Amino acid sequence: MNPPEVDRAAASRAAVAARRARAAIKRAVNERRLSAVSVLDNALRSTESVEATMRVRDLLQSIPGLGPVRVERIMERLGIAPTKKLAGLGVHQQERLREYLSQRAPQIERDGETRLVVLAGPTAVGKGTVSTYIRENYPEVCLSVSATTRAPRPGEVEGVSYYFLDDERFDSMVDAGEFLEWAVVHNKSRYGTPRPPIDDALASGRSVLLEIDIQGARQVKAAMPEAVLVFLLPPTWDELVRRLIGRGTETPEEQERRLTTAKVELAAQDEFDHRVVNSDVQAAAAEVVELMQIQKAPAQEAGLRGKE
Ligand SMILES: Nc1nc2c(ncn2[C@@H]2O[C@H](COP(=O)(O)OP(=O)(O)O)[C@@H](O)[C@H]2O)c(=O)[nH]1
Ligand SMILES: Nc1ncnc2c1ncn2[C@@H]1O[C@H](COP(=O)(O)OP(=O)(O)O)[C@@H](O)[C@H]1O
């Protein structure tokens, strides 16, 4: 063999060895013998490492519970190109991927198929808008319908927007223990989550989303510690103020009062399992749905492509 052939043979042996090493790493991640974060750390520590030559897509797909379609959506959201290798990640991409691997991925691995997810956040952050988007675009998500003592607004539909109850009926449901949680919201009306539909949905393998206030979220966590609490955040405080004023459904005095409460509520965000920033309704909805860990049939999942 002359020298170039020796080089080629050595290079091809090295490539085979690297491929095997990458496959071994993927197996180890899949069998939970190795954490995906430590693979990322090794890749970033040395560009000469085997980990550095791994594709982000392959690392994500080796995590139990993450299939190719879901991984594609996650990478789109993280702003990482499909063929990107770990060593080629920019600083912000590294941060986003690390956050995903250390926070979301372990939860996906640990949890079962169905979950109860609570979406809460300060007034006018967009809870109603995001949950309406989910209702209209993700029919597989089961959205809880709350009961309330407040009067219906124009366009609201009984049994879809809320169950509108008088005080007496609400009292009797409280007495009969029919609420998973209930609270007086904005010092005015009572709102409660009827328990039986939630128990039924979870028992039949469906994940459930509750859009309720922060007091309610705390009660749910106390009653069902396995519930996942998601705090919806505005991009900035000024944007929250703009949304509240722009919505135009409260008087200036009521707006003032709600903004004072919003400050207290924002301080509670650390009690939540996840924070989602509502800059864009579609993206925020996709993040919430992903946290619901809904197992879809492949055809359905392909149909959702592009929405997340
Ligand atoms: N605790 C609790 N809060 C709820 C429930 N349903 C709705 N809410 C909250 O009640 C608040 C008022 O909702 P709504 O009457 O639709 O008025 P808006 O927030 O002014 O649009 C929101 O913060 C909701 O998240 C519930 O079942 N339980
Ligand atoms: N991502 C967003 N970007 C811009 N405006 C938004 C966004 N999400 C919601 N909004 C607007 O903000 C206002 C408050 O939203 P809403 O869903 O009523 O809040 P909440 O239910 O949290 O009180 C509405 O006018 C809504 O159209």
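In short, a report on the structure. (Residues numbered from 1 in each chain as written. Chains lettered and ligands numbered in written order. Predicted model: local features only at pLDDT ≥ 70, side-chain atom pairs only at ≥ 80, totals over all residues. Heavy atoms only, no water.)

## Describing unusual backbone geometry
One non-glycine residue, Ala124, adopts positive backbone phi at about 65°. If you trace the backbone, Ala124 turns up in the loop between β1 (116–120) and α6 (127–137). Take Ala124: its relative accessible area is 10%, and that puts it in the buried class. Positive phi is not limited to glycine here, since His186 has a value of about 55°. (Helix = DSSP H or I, 4+ residues; strand = E, 2+ residues; numbered from the N terminus. Buried < 20%, exposed > 50% of the residue type's maximum accessible area, 1.4 Å probe, protein only.)

## So, the pattern of salt bridges
Any two side chains of opposite charge can pair, given that their charged atoms come close. Inspection of every chain in the model, using the stated rule, returns 18 salt bridges. Between Glu290 and Arg77 there is a salt bridge, with the nearest N and O atoms lying 3.0 Å from each other. Within this pair, whereas Glu290 is found in helix α12 (residues 281–292), its partner Arg77 is found in helix α4 (residues 68–78), the two being separated by 213 residues in sequence. The buried category is assigned to Glu290, whose relative accessible area is 7%. Classification of Arg77 as partly exposed rests on a relative accessible area of 23%. (Salt bridge = Lys/Arg side-chain N within 4 Å of Asp/Glu carboxyl O.)

## Let's talk about the site of ligand 2
In the neighbourhood of ligand 2, 14 residues make up the surrounding shell, with Ala124, Lys127, Gly128, Thr129 and Arg247 lying closest. In the environment of ligand 2, an oxygen atom lies 3.3 Å from a nitrogen or oxygen atom belonging to the backbone of Val125. At a separation of 2.8 Å, an oxygen atom of ligand 2 approaches a polar backbone atom of Lys127. Relative to its unbound accessible surface of 560 Å², ligand 2 loses 72% to contact with the protein. Contributing elements (two or more residues each) for the shell around ligand 2: α6 and α10 (237–247). For the shell around ligand 2, the element with the highest residue contribution is α6, accounting for 3 residues. Residue classes in the shell around ligand 2 are distributed as 4 nonpolar, 6 polar and 4 charged. (Near = heavy atom within 4 Å. Polar contact = N/O pair within 3.5 Å; in protein donor to acceptor, adjacent residues only side chain to side chain. Areas by Shrake-Rupley, 256 points an atom, 1.4 Å probe, with all protein chains shown as cover. Nonpolar A, V, L, I, M, F, W, Y, C, P; charged D, E, K, R; others polar.)

## A word on the packing of α10 against helix α11 (residues 252–266)
Running from amino to carboxyl end, α10 crosses α11 at an angle of 145°, the nearest separation of the two axes being 11 Å. Every pair of crossing elements has a handedness; the one defined by α10 and α11 is right-handed. Judged by residue contacts, Trp237, Leu240, Val241, Leu244, Ile245 and Arg247 of α10 engage Gln255, Arg258, Leu259, Ala262, Lys263 and Leu266 from α11. Grouping the constituent residues of the contact of α10 with α11 by class yields 8 nonpolar, 1 polar and 3 charged. (Axes fitted to C-alpha atoms, helices over the stretch in contact; angles between N-to-C directions. Left-handed = near helix turned anticlockwise from the far one by under 90°. Contact = heavy atoms within 4.5 Å.)

## Side note on the site of ligand 1
Around ligand 1 lies a shell of 18 residues, among which Ser146, Arg150, Tyr162, Glu181 and Tyr191 are the nearest. In the model, a nitrogen atom of ligand 1 is placed 2.7 Å from a nitrogen or oxygen of the Glu181 side chain. Within the side chain of Glu211, an N or O atom sits 2.8 Å from an oxygen atom of ligand 1. Calculation on ligand 1 without its partners gives an accessible area of 570 Å², and the protein chains cover 91% of this total. Counting only elements with at least two residues in the shell around ligand 1, the list comes to β5 (179–185) and β6 (189–194).

Spatial relationships are all this shows, so hold off on functional conclusions.
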